[in-house]
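Understanding the architecture of this molecule
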Amino acid sequence: MVSTTITTPKTQPDLSAVIHSSEKPLSVFEATSLPDLEYVVPNAEEHQKLLVAMRKACGWDAGMVPTWFKQQAEGTRFMSIFYLPNTTTPIGMGGVELQDFDQNDKDVADMDSKRGCVVSLFLYKQYRGKGYLGKILAICEEIAKERGVEVLTLYGLEKAGGYEKFGYKTFKMA
């Protein structure tokens, strides 16, 4: 597994001393170059079945959805479901953990050091390659910034690469 990181825009404290910070924050992308999306913060009563279906579609972690809602209620995770504008058509999901529940790695996510980890990214196949992933990442980054996150990481498989174009870079190989 590969961890990558990005710093939030420089309105936050200067993080140049963070060895593994990105040199190219996502904010360098023009907002107009990304497609429009709407999103909601899911709640267990309304959205649990949808999130389980999305996780089954991607093949990962469907059984974890109830735990994610508990973490969201505790404030250690926040999730979003993304929709095409002015529709009820979900295209994907994503979120940020403020604690690394998988590896307990404080370099990846830790509330005390204001680090968060992008998690549970999923985009239905028919929406891939159209700029939606960049928009989902931008929204997750903005929400994280609003919650005081200064460094944002994500887990990725070595073969996943591709996040470099969004300003992420490899900082740790497990």
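Residue indices begin from 1 for each chain and proceed along its sequence in written order. Local features in a predicted model are, by the rule used here, given only for residues with pLDDT of at least 70; side-chain atom pairs are given and counted only at 80 or more, and totals for whole chains, interfaces and linings are based on all residues. For side-chain calculations, the full set of non-hydrogen atoms in the structure is used, while hydrogens and water are omitted.

Residues grouped as a nonpolar core are buried Ala, Val, Leu, Ile, Met, Phe, Trp, Tyr and Cys residues, joined through side-chain atoms within 4.5 Å. Working definition: with a 1.4 Å probe on protein chains only, accessible area under 20% of the residue-type maximum means buried, over 50% means exposed, and in between means partly exposed. The biggest cluster of nonpolar side chains holds 34 residues, and the ones touching the most others in it are Leu51, Ile91, Val96 and Tyr168. The helix and strand labels rest on DSSP assignments: H or I over at least four residues marks a helix, E over at least two residues marks a strand, and numbering proceeds from the N terminus. Residue assignment for this core shows that the elements contributing at least two residues are helix 1 (44-58), helix 2 (65-74), strand 3 (77-83), strand 4 (90-97), strand 5 (115-123), helix 3 (132-146) and strand 6 (151-156). At seven residues, the largest contribution of residues to this core is made by helix 3.

Considered for burial, the residues of helix 2 that qualify are Val65, Trp68, Phe69, Gln71 and Gln72. Down the axis of helix 2, the buried set is contained in an arc of 160 degrees. They therefore lie on one face. Seen from the buried face of helix 2, the exposed residues on the opposite side, beyond 90 degrees, are Lys70, Ala73 and Glu74. Working rule for contacts: check all heavy atoms of both residues, and any pair within 4.5 Å makes them a contact. On its buried face, helix 2 sits against helix 1, strand 3, strand 4 and strand 5. Backbone geometry just downstream of helix 2 places glycine 75 in the positive-phi region, at approximately 85 degrees. Picture the helix axis, draw a direction to every C-beta atom, and the arc is the one those directions span.

Two packed helices can be described by the angle between their axes and the distance between those axes. Helix axes are fitted to C-alpha atoms over the stretch in contact, other axes to C-alpha atoms as well, and angles between N-to-C directions run from 0 to 180 degrees. Contact geometry for helix 1 and helix 2: axes closest at 9 Å, N-to-C directions at 135 degrees. When the interaxial angle is binned, helix 1 and helix 2 end up oblique. Along this stretch, helix 1 crosses helix 2, giving a crossing that reads as right-handed. Residues Ala44, His47, Gln48, Leu51, Val52 and Arg55 of helix 1 form the contact with helix 2, whose own contacting residues are Val65, Pro66, Trp68 and Phe69. Class assignment for the residues of the contact of helix 1 with helix 2 results in seven nonpolar, two polar and one charged. Oblique is the label for any angle not covered by the other classes, which are roughly parallel (under 35 degrees), roughly antiparallel (over 145) and roughly perpendicular (65 to 115). The crossing is said to be left-handed when, going from far helix to near helix, the turn is anticlockwise and less than a right angle, and right-handed when the turn is clockwise. Throughout, the ten residues Ala, Val, Leu, Ile, Met, Phe, Trp, Tyr, Cys and Pro are labelled nonpolar, Asp, Glu, Lys and Arg are labelled charged, and all others, Gly among them, are labelled polar.

Time to look at the confidence of the model for the protein chain. Chain-level statistics for the protein chain give a pLDDT mean of 79 and a share of 76% at 70 or above. Each residue carries a pLDDT score, the predictor's confidence in it, ranging from 0 to 100. Here strand 1 (residues 2-7) stands out as the least confident element of the protein chain, with mean pLDDT 41; strand 3 is the most confident, with 96. With pLDDT under 50 throughout, residues 1-32 is counted as low confidence; its partners more than four residues away or in other chains account for 86 contacts.

The salt bridge criterion pairs a side-chain nitrogen of Lys or Arg with a carboxyl oxygen of Asp or Glu, the two atoms within 4 Å. Here the structure, examined in full by the defined rule, presents three salt bridges. A salt bridge links aspartate 110 to lysine 106; the shortest N-O distance between them is 3.3 Å. Taking the relative accessible area as the measure of exposure, aspartate 110 reaches 11% and is therefore buried.

Two descriptors summarise a pair of aromatic rings, namely the distance from one centre to the other and the angle between the planes of the rings. Two rings from Phe, Tyr or Trp (for Trp, the six-membered ring) form a pair when their centres are within 6.5 Å of each other. A pair whose planes differ by under 30 degrees is stacked, one over 60 is edge-to-face, and the rest are tilted. Scanning all chains against the criterion turns up three aromatic pairs. Here tyrosine 39 and phenylalanine 82 contribute two aromatic rings whose centre-to-centre distance is 6.0 Å and whose plane-to-plane angle is 45 degrees, an arrangement assigned as tilted. Of this pair, tyrosine 39 sits in strand 2 (residues 38-40) while phenylalanine 82 sits in strand 3; the two residues are 43 residues apart in sequence, bridging distant segments of the chain. Tyrosine 39 gets classed as partly exposed once you look at its relative accessible area, which sits at 38%. What makes phenylalanine 82 buried here is its relative accessible area of 0%. Ring geometry for phenylalanine 122 versus tyrosine 124: centroids 4.9 Å apart, planes at 75 degrees, classification edge-to-face. For phenylalanine 122, a relative accessible area of 7% corresponds to the buried category.

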